[in-house]
Amino acid sequence: MAETKTKPTNERVEDFLNKISDEERRADCFQVAKIMEEITGEKPKMWGPSIVGFGSYHYKYDSGREGDWLVTGFSPRKKDLTLYLMMGFEKHGELMEKLGRHSHAKSCLYIKRLSDIHIPTLKKLIRNSVKDLKEYTKSRSKSA
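Residue positions within a chain follow its written sequence, with the count starting from 1. Whole-chain, interface and lining totals are the exception, using all residues; otherwise, since this is a predicted model, local features are given only for residues with pLDDT of at least 70 and side-chain atom pairs are given and counted only at 80 or more. In computing side-chain properties, one takes all heavy atoms of the structure into account and sets aside hydrogens as well as water.

1. Describing the nonpolar core
As used in this record, nonpolar core signifies buried Ala, Val, Leu, Ile, Met, Phe, Trp, Tyr and Cys residues forming a set joined through side-chain atoms within 4.5 Å. Classification of residues uses two cut-offs on accessible area relative to the type maximum, computed with a 1.4 Å probe and protein chains only: under 20% is buried, over 50% is exposed, and between them is partly exposed. Of all hydrophobic cores here, the largest spans 40 residues; its most connected members are Phe74, Leu83 and Leu109. Among the elements that take part in this core, helix α4 (residues 119-143) stands out by supplying six residues, more than any other. In this description, contact between two residues means that some pair of their heavy atoms is separated by no more than 4.5 Å. When residues no more than four places from it in sequence are discounted, the contact partners of Leu109 are Leu81, Thr82, Leu83, Leu85, Phe89, Met96, Leu99, His102, Ser103, His104 and Leu122. Going along the chain from the N terminus, every DSSP run of H or I of four or more residues is numbered as a helix, and every run of E of two or more is numbered as a strand.

2. With respect to the pairing of strand β4 (residues 81-85)
Of all five residues in β4, five are buried, a share of seventy percent or more. Here β4 shows a buried face lined by Leu81, Leu83 and Leu85 and a second buried face lined by Thr82 and Tyr84. We treat two strands as partners when DSSP finds at least two bridges between them. Pairing of strand β3 (residues 66-76) with β4, which is carried by five bridges, proceeds in the antiparallel orientation. Paired with Gly73 across the strands is Tyr84, a residue of β4.

3. Points about the environment of Leu99
The topology assignment puts Leu99 in helix α3 (residues 93-99). Taking the C-alpha atoms as reference, Leu99 lies 15 Å from Val32; in sequence the two are 67 residues apart. When residues no more than four places from it in sequence are discounted, the contact partners of Leu99 are Leu109, Asp116, Ile117, His118, Thr121, Leu122 and Leu125.

4. Some remarks on the pattern of salt bridges
By salt bridge we mean one thing: a side-chain nitrogen of Lys or Arg within 4 Å of a carboxyl oxygen of Asp or Glu. One pass over the structure, following the stated rule, counts nine salt bridges. Notably, a salt bridge pairs Glu14 with Arg12, separated by 3.9 Å at the nearest N-O pair. The class for Glu14 is partly exposed, based on a relative accessible area of 45%. Note that Asp22 is salt-bridged to Arg113, the shortest N-O span being 3.1 Å.

5. Concerning the packing of aromatic side chains
Planes of paired rings set the category: under 30 degrees apart is stacked, over 60 is edge-to-face and the rest tilted, where pairs are Phe, Tyr or Trp rings (Trp by its six-membered ring) whose centres lie within 6.5 Å. Summed over the entire model, instances satisfying the criterion amount to two aromatic pairs. Arranged with centres 5.7 Å apart and planes meeting at 65 degrees, the rings of Trp47 and Trp69 form a pair that is edge-to-face. With a gap of 22 residues between them, Trp47 in strand β1 (residues 44-47) and Trp69 in strand β3 connect regions that are remote in the sequence. For Trp47, a relative accessible area of 3% translates into the label buried. Of the residues examined, Trp69 reaches a relative accessible area of 17% and is grouped as buried.

Spelled out as structure tokens, the structure:
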């Protein structure tokens, strides 16, 4: 079975973020890092060459594939600042409407700038995602 390629590294998060050439994007990343650290109580860690992650959890799919992944995190991609909110957005329609300019996929939130969104709503989404993931992993471990 293929092994997960994206894993925690020993690279320094601050060094990675300081390499972001766009000043506003760099400042946004430091602010998101601070928000996620406050919510998770975890220090940031590099996952692979370009993801800043907070915490980790073990997953195991019915297919037998398993591994470890970040509880929440972000990556300053070329086009957007991508935030990883692992439990998705389906049950958060009201918050998504209040968030501001964004797009999203299953568990990825894409924003151009933090100034485009409502920060208290973003914090609530992150908090809910972290809480829901903890509850989900706890229920999965009980049923295993």
